[in-house]
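Coordinates in review
This is what each chain is made of:
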Amino acid sequence: MDERSALGMLADELGPAGDDAAVIDGLVVTTDMLHERTDFPPGTTRYTAGWRTIGASLSDVAAMGGAATAAVAAYGAPTFDPDEIRAFVDGASDVCALTGAEYVGGDLDNHDEFTVAGTVVGKAEDPVYRSGASPGEAIYVTGTLGRTGAAVREFDRGNVGRGNELFQFEPRVAAGRQLASVATAMMDSSDGLARSLHQLAAASDCGFHVEWDRLPVDPSVDAVAANEAERRELSTYFGEDFELVFTASPAAVDGVRDAVGVSLTRLGTVTDSEVLADGEPLPDRGYTH
């Protein structure tokens, strides 16, 4: 059983589960675990690891249209290097500061592989779930796609400075707060755009028709992609970009566009069934833990 299957099983048993975060009486709670082997390429600094650990959970709060309040992390490593621990906390604190949250502590433990788990709490009085999309609405994404895929390519090439820079993404908490008033369904793109569309379609019992030439591919992808196939792979399937994918009426989006503070790109239209790109089935493929 992979992570997606396991989460599907648990969602049937845990009522608040199944979206990017749980919301109980307006309190948003989410947690994410990351491992050195699968999440931090060689050359990733502890500062970047701290940023990314907490950033991933902040992105979950953003996807619910919530405001982030505080974050903690559990930090496991074979040895406790004081400079590495300080750098991790600095990264976690700095990404919190971008979103108005505060990093308030956590736990330390010995572990045979560098492994971290971040938890963020926040507030969402009127949360946005994955299940509200309706045919005829439009499907949008914030920012650009492919940044993480490009970062991994840079790490692979030994360009660790550039890789770390690209790994330090800005969680879309402020944008999510603005979009909460107009979005009918929303999630983040941590599993990749293609898989996010399939997950939204399943939750809302609908389909999507998107157009390839509308995708806002990050400029960093063009610096590393050898051809159009790799460009599409990095921007559509690679995942871990932490942008917001959401549905809404175009008129409603136009009303908040200036306040969102980040680019909003219409990818296509909500339909009755199937997930298509330029009329062809879009594979349900993406990041797998």
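Cut-offs and rules
- Residues numbered from 1 in each chain as written.
- Predicted model: local features only at pLDDT ≥ 70, side-chain atom pairs only at ≥ 80, totals over all residues.
- Heavy atoms only, no water.
- UniProt positions renumbered as here; feature names shortened; annotations may be inferred.
- Axes fitted to C-alpha atoms, helices over the stretch in contact; angles between N-to-C directions.
- Helix = DSSP H or I, 4+ residues; strand = E, 2+ residues; numbered from the N terminus.
- Parallel < 35°, antiparallel > 145°, perpendicular 65-115°, else oblique.
- Left-handed = near helix turned anticlockwise from the far one by under 90°.
- Contact = heavy atoms within 4.5 Å.
- Nonpolar A, V, L, I, M, F, W, Y, C, P; charged D, E, K, R; others polar.
- Pairing = 2+ DSSP bridges.
- Buried < 20%, exposed > 50% of the residue type's maximum accessible area, 1.4 Å probe, protein only.
- Salt bridge = Lys/Arg side-chain N within 4 Å of Asp/Glu carboxyl O.
- Domains from an automatic or database assignment.
- Buried area = accessible area lost by both parts, 1.4 Å probe.
- Polar contact = N/O pair within 3.5 Å; in protein donor to acceptor, adjacent residues only side chain to side chain.

Looking up the protein in an unreviewed UniProt entry gives the name Thiamine-monophosphate kinase, with the organism given as Haloplanus aerogenes. Comment text from UniProt for the protein, heading Function (unreviewed entry), reads "Catalyzes the ATP-dependent phosphorylation of thiamine-monophosphate (TMP) to form thiamine-pyrophosphate (TPP), the active form of vitamin B1." In its Pathway (unreviewed entry) section, the UniProt record describing the protein reads: "Cofactor biosynthesis; thiamine diphosphate biosynthesis; thiamine diphosphate from thiamine phosphate: step 1/1."

Let's talk about the packing of helix H3 (residues 46-63) against helix H4 (residues 82-99)
A pair of packed helices can be characterised by two numbers: the angle between their axes and the separation between those axes. Contact geometry of H3 with H4 gives a least axis separation of 6 Å together with a crossing angle of 40°. The angle between H3 and H4 falls in the class oblique. Here H3 and H4 pass one another in a crossing that is right-handed. For the pair H3 and H4, the contacting residues are Arg46, Tyr47, Ala49, Gly50, Trp51, Thr53, Ile54, Gly55 and Leu58 in the first and Glu84, Ala87, Phe88, Asp90, Gly91, Ala92, Asp94, Val95, Cys96, Leu98 and Thr99 in the second. When its residues are assigned to classes, the contact of H3 with H4 shows 11 nonpolar, 5 polar and 4 charged.

A few points about the sheet that holds strand E3 (residues 67-77)
If you walk across this open sheet you meet the 5 strands as E1-E2-E5-E3-E4, and the pairing is mixed. The open sheet terminates on both sides in strands that have one partner only, identified here as strand E1 (22-24) and strand E4 (102-110). Each neighbouring strand pair of the sheet contributes to a mean axis angle of 20°, computed without reference to strand direction. Both E3 and E4 contribute to a ladder of 8 bridges, which runs parallel.

Observations regarding the pairing of strand E6 (residues 138-142)
Burial runs high along E6: 5 of the 5 residues are buried. Burial of E6 is two-sided: the residues Ala138, Tyr140 and Thr142 facing one way and the residues Ile139 and Val141 facing the other way are all buried. In this sheet, strand E9 (residues 244-248) lies alongside E6 in antiparallel orientation, the contact comprising 4 bridges. Pairing of Val141 across the sheet is with Val245, part of E9.

So, the packing of helix H5 (residues 147-156) against helix H6 (residues 160-167)
Two numbers describe how H5 lies on H6: the axes approach to 8 Å, and their chain directions differ by 160°. Classified by the angle their axes make, H5 and H6 are roughly antiparallel. Considering the relative orientation of H5 and H6, their crossing is left-handed. In contact with Arg147, Thr148, Ala150, Ala151, Val152, Glu154 and Phe155 of H5, H6 contributes Val160, Arg162, Gly163, Asn164, Glu165, Leu166 and Phe167. In terms of residue class, the contact of H5 with H6 is built from 7 nonpolar, 3 polar and 4 charged.

Section: the pattern of salt bridges
All chains considered together, the criterion is met by 12 salt bridges. The closest approach of N and O atoms between Arg153 and Glu230, which form a salt bridge, is 2.8 Å. Of this pair, Arg153 sits in helix H5 while Glu230 sits in helix H10 (residues 228-237), and the two are 77 residues apart along the sequence. Residue classification places Glu230 among the buried positions, given a relative accessible area of 18%. In this structure, Glu165 engages Arg162 in a salt bridge whose closest nitrogen and oxygen atoms are separated by 3.1 Å. You can see Glu165 and its partner Arg162 sitting in helix H6, 3 residues apart, about one turn around the helix. On the accessibility criterion, Arg162 (32% relative accessible area) is partly exposed. Each of the salt bridges in this network shares a partner with another, and the network as a whole consists of Asp222, Glu228 and Arg231.

What about the domain arrangement of the protein?
As a measure of interface size, the accessible area lost when the parts come together is often cited. Assigned domains within the protein: domain 1 (3-123) and domain 2 (138-281). At the junction of the two partners, domain 1 supplies 27 residues and domain 2 supplies 23 residues. Taken together, both faces of the contact between domain 1 and domain 2 bury some 2,100 Å²; the carbon and sulfur share is 56%. If you look at where domain 1 meets domain 2, you find 0 salt bridges. One can count 11 residue pairs in polar contact (both at pLDDT 80 or more) joining domain 1 with domain 2. Counting only elements with at least two residues in the side of domain 1 that touches domain 2, the list comes to H3, E3 and H4. The element that contributes the greatest number of residues to the side of domain 1 that touches domain 2 is H3, accounting for 11 residues. Each residue belonging to the side of domain 1 that touches domain 2 can be placed in one class, and the counts come to 12 nonpolar, 9 polar and 6 charged.

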